[in-house]
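A look at the structure
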Amino acid sequence: MMTRCMNTIEFGKILDKLCNHAQCEGARARIQALVPILNEDILAVALRETSDARQLIEQQGMPPLAIMEGLHDHVRLTTQGGLLTPEQLNAVATFANTCRRMMLYMKKAEITRVELSLNGRAMMPLEDLQLEIEGAIQGDEVSDSASPQLRDVRRKITTAAEQVKMKLNRLLQGHKEWFSDGYVAVRGGRHTLPVKAQYRAMVPGQLIDRSGTGGTLFIEPQAVRAAEDELQQLKLEEENEVRRVLYALSSLVAECEGAITSNMKLMERLDFAFAKGRLSLEMDARAVPFVKERSLRIVQGRHPLIDRETAVPLDYEMDEMRKGVVITGPNTGGKTVALKTIGLLSVMAQSGLHIPAAEGSHLCMFNQVLVDIGDGQSISENLSTFSAHMTQVLAILQRATKDTLVLLDELGSGTDPAEGMGLAVAVLEELCARGCLFVATTHYPEVKEFAQITPGIVNARMAFDPDTLAPLYRMIMGEAGESCALHIAKRLGFPDELLDRARIAAYEGIQKQAAEARHMTTMAAPKLSHYQKIQQAPERAMKFERGDSVRVYPEGAVGIVFQKSDDKGMIQVHMKNGKQTVPYKRLKLIAPASQMYPEDYDFSIVFDSWQNRKAHNSMNKRHDPNAVATLVKG
């Protein structure tokens, strides 16, 4: 399941980007095996390694790293008595030279006092081996200087070959009509003349080859046979000497096997570290500290797979007081991207990588990151979107602990809204009970209300332009968002009458659906007595006092509390278009009355008409039978 979750938040794509910065196969294998680290001390070392590598790259440029392709097999072959080819020996010499350059790079880097630079002291010198190979191999051939014997035999070969060619050229020049071309041809390692078939009898000697048409015969003349035999013998001596030199060099490689293997492991580790440093530079990332508290704070965090010029930074925070966040907002508003960003940055940092976030960010360690993002629909497994979601959510609930980060996208979607909402609330309550940190996205207004009244959970919304309804991809903590369906319908020309009916159908049914949700939640995870459930809502409603400035949702209008809550949690609010009775859950306190008015303030100034106030004042002063209090609709 952990692998699936990592793929869902696209951690595999980060590893692919990291692999592109590695030079050797061993470093790439280490990268692909990278997983979140569960030990604080080991994680601290991994993060310091990344920081050191980036610092050295910035100050000294890229280090000399070795590719080392096939090098391990070359060395193992020599330890088994095998013979390396000149190409393979060149690969060993190149590695030895890279080790020398890396030692110089690290020696120079020690002035920075970063710990990674001390690895240069652990590297074994291989300069003698490098010089021996380079002195004996030029290009892909064993050079004449490899040994006195080889130099001598090659000189003799050159002399003998010239004598053979001289004799053959004399034959060519003396009888041009016998030959199809005027050159000496080497066929089968022997020097031959291209004799026309009709003149075969004129050139005694051994037939070595013939042309495709048979019109030309390649004959080794009898006159050069002895010289040719001597030449072939010299070439055999050369081959033996070359093999002797290669065996001697291969033996030297075998003797240095320990130092080569040690340097290879160290080079692989450095390749891995500098790949992390290069990725940090590429992403303009930084090391983010880990805290012991269950607290996560991301400041200006960017999704690392989205172009830096277009990515909208994310500000996000969770701690012991708000372990859960419910994100709401319109479709395509960036909720899923925000969810993936939180998970991906957490996993990257806990894997020892830098993340693209600003100073002030911090993270905490998780034992696992469990994710349900995407519809997961599968025809082969006969899973609908809802079934796929529930299967994944069930697996998450079976594994989640207080040290887990849980990310849930469109919780409860894909089924009947009332039941889906009830399941969503039940899942969130269970996650609260587990004590884990979690983030969920939803469109259900009842889930927003649940988050608003539940300790430990906070709402967040994805901002959008109220004029164009274009998503801004910016998260605003502490506020619930809207789906914007009615706004979008209005902009598309939906009739006002139908919009009013839709608004009534949508929001006047909220209380009924919320009651059903509370009932389903009680059945799913009973934590309060029935009496406590009944008392809970009015007690929370009593926090609103007469004169409090409040915001009324979903329309977001501002009003003033006219009359405190009744026993059902209904509150009268004085608004621009009159007084309305609304459920307390739809209210958010802007400023309490105690901060805006004196203690003995006469609220009739705010709530009554001037006619009513004048009539009341007159009646208080004296009895006037003509003074009538006129009720003016407020």
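Because the structure is a prediction, the values reported are computed rather than measured.

**What about the overall build of the chain?**
Along its length, the chain carries 21 helices and 19 strands. Burial analysis of the chain (634 residues in total) assigns 44% to the buried set. Of the roughly 32,700 Å² of accessible surface on the chain, 52% is carried by carbon and sulfur atoms.

**Observations concerning unusual backbone geometry**
Residue Arg113 is not a glycine yet carries a positive backbone phi of 65 degrees. Judged by its relative accessible area of 77%, Arg113 falls in the exposed class.

**Side note on the confidence of the model for the chain**
Per-residue confidence for the chain averages 85 on the pLDDT scale, and 86% of its residues sit at or above 70. Contacts of residues 377–382 to residues separated by more than four positions or lying in other chains number five contacts, the stretch itself having pLDDT below 50.

**Digging into the nonpolar core**
A general tendency of soluble globular proteins is for nonpolar side chains to be buried together. Grouped together as the largest cluster of nonpolar side chains are 122 residues, with contacts concentrated most on Phe95, Phe274 and Tyr316. In terms of residue count, helix α10 (residues 257–283) provides more of this core than any other element does, 12 residues in total. Not counting chain neighbours up to four residues away, the residues in contact with Phe95 comprise Ala66, Met68, Leu71, Leu126, Ile260, Asn263, Met264 and Met267.

**What to know about the packing of helix α4 (residues 40–60) against helix α6 (residues 86–109)**
Contact geometry of α4 with α6 gives a least axis separation of 11 Å together with a crossing angle of 95 degrees. In this view, α4 runs roughly perpendicular relative to α6, as classed from their interaxial angle. In this structure, α4 uses Leu56, Ile57 and Gln60 to contact α6, whose residues at the interface are Tyr105, Met106, Lys108 and Ala109. A class-by-class count of the residues in the contact of α4 with α6 yields five nonpolar, one polar and one charged.

**Description of the sheet that holds strand β15 (residues 549–552)**
Read from one edge of the open sheet, five strands run β18-β17-β16-β15-β19, paired in antiparallel fashion. Looking along the sheet, the strands with just one partner apiece sit at the ends: β18 (578–583) and β19 (587–591). Strand-to-strand twist across the sheet, computed as the mean angle between neighbouring axes with direction ignored, equals 45 degrees. Here strand β17 (residues 570–575) pairs with β18 via six bridges, running antiparallel. Bridge pairing in β18 links Ile571 to Val582.

**Digging into helix α12 (residues 385–399)**
In a regular helix each residue adds 1.5 Å, so 15 residues correspond to 21 Å; α12 covers 22 Å between its end C-alpha atoms and thus fits that length. Every buried residue of α12 is accounted for by Ala388, His389, Gln392, Val393, Ile396 and Leu397. Considered in projection along α12, the buried side chains sweep an arc of 165 degrees and stay on one side of the axis. Where the residues of α12 are buried, they touch α1 (2–8), β10 (368–372), β11 (404–408) and α13 (417–434).

Conventions we followed
Residues numbered from 1 in each chain as written. Predicted model: local features only at pLDDT ≥ 70, side-chain atom pairs only at ≥ 80, totals over all residues. Heavy atoms only, no water. Helix = DSSP H or I, 4+ residues; strand = E, 2+ residues; numbered from the N terminus. Buried < 20%, exposed > 50% of the residue type's maximum accessible area, 1.4 Å probe, protein only. Areas by Shrake-Rupley, 256 points an atom, 1.4 Å probe, with all protein chains shown as cover. pLDDT = per-residue confidence, 0-100. Contact = heavy atoms within 4.5 Å. Core = buried A, V, L, I, M, F, W, Y, C linked by side-chain atoms within 4.5 Å. Axes fitted to C-alpha atoms, helices over the stretch in contact; angles between N-to-C directions. Parallel < 35°, antiparallel > 145°, perpendicular 65-115°, else oblique. Nonpolar A, V, L, I, M, F, W, Y, C, P; charged D, E, K, R; others polar. Pairing = 2+ DSSP bridges. Expected span 1.5 Å × (residues − 1). Arc of directions from axis to C-beta.

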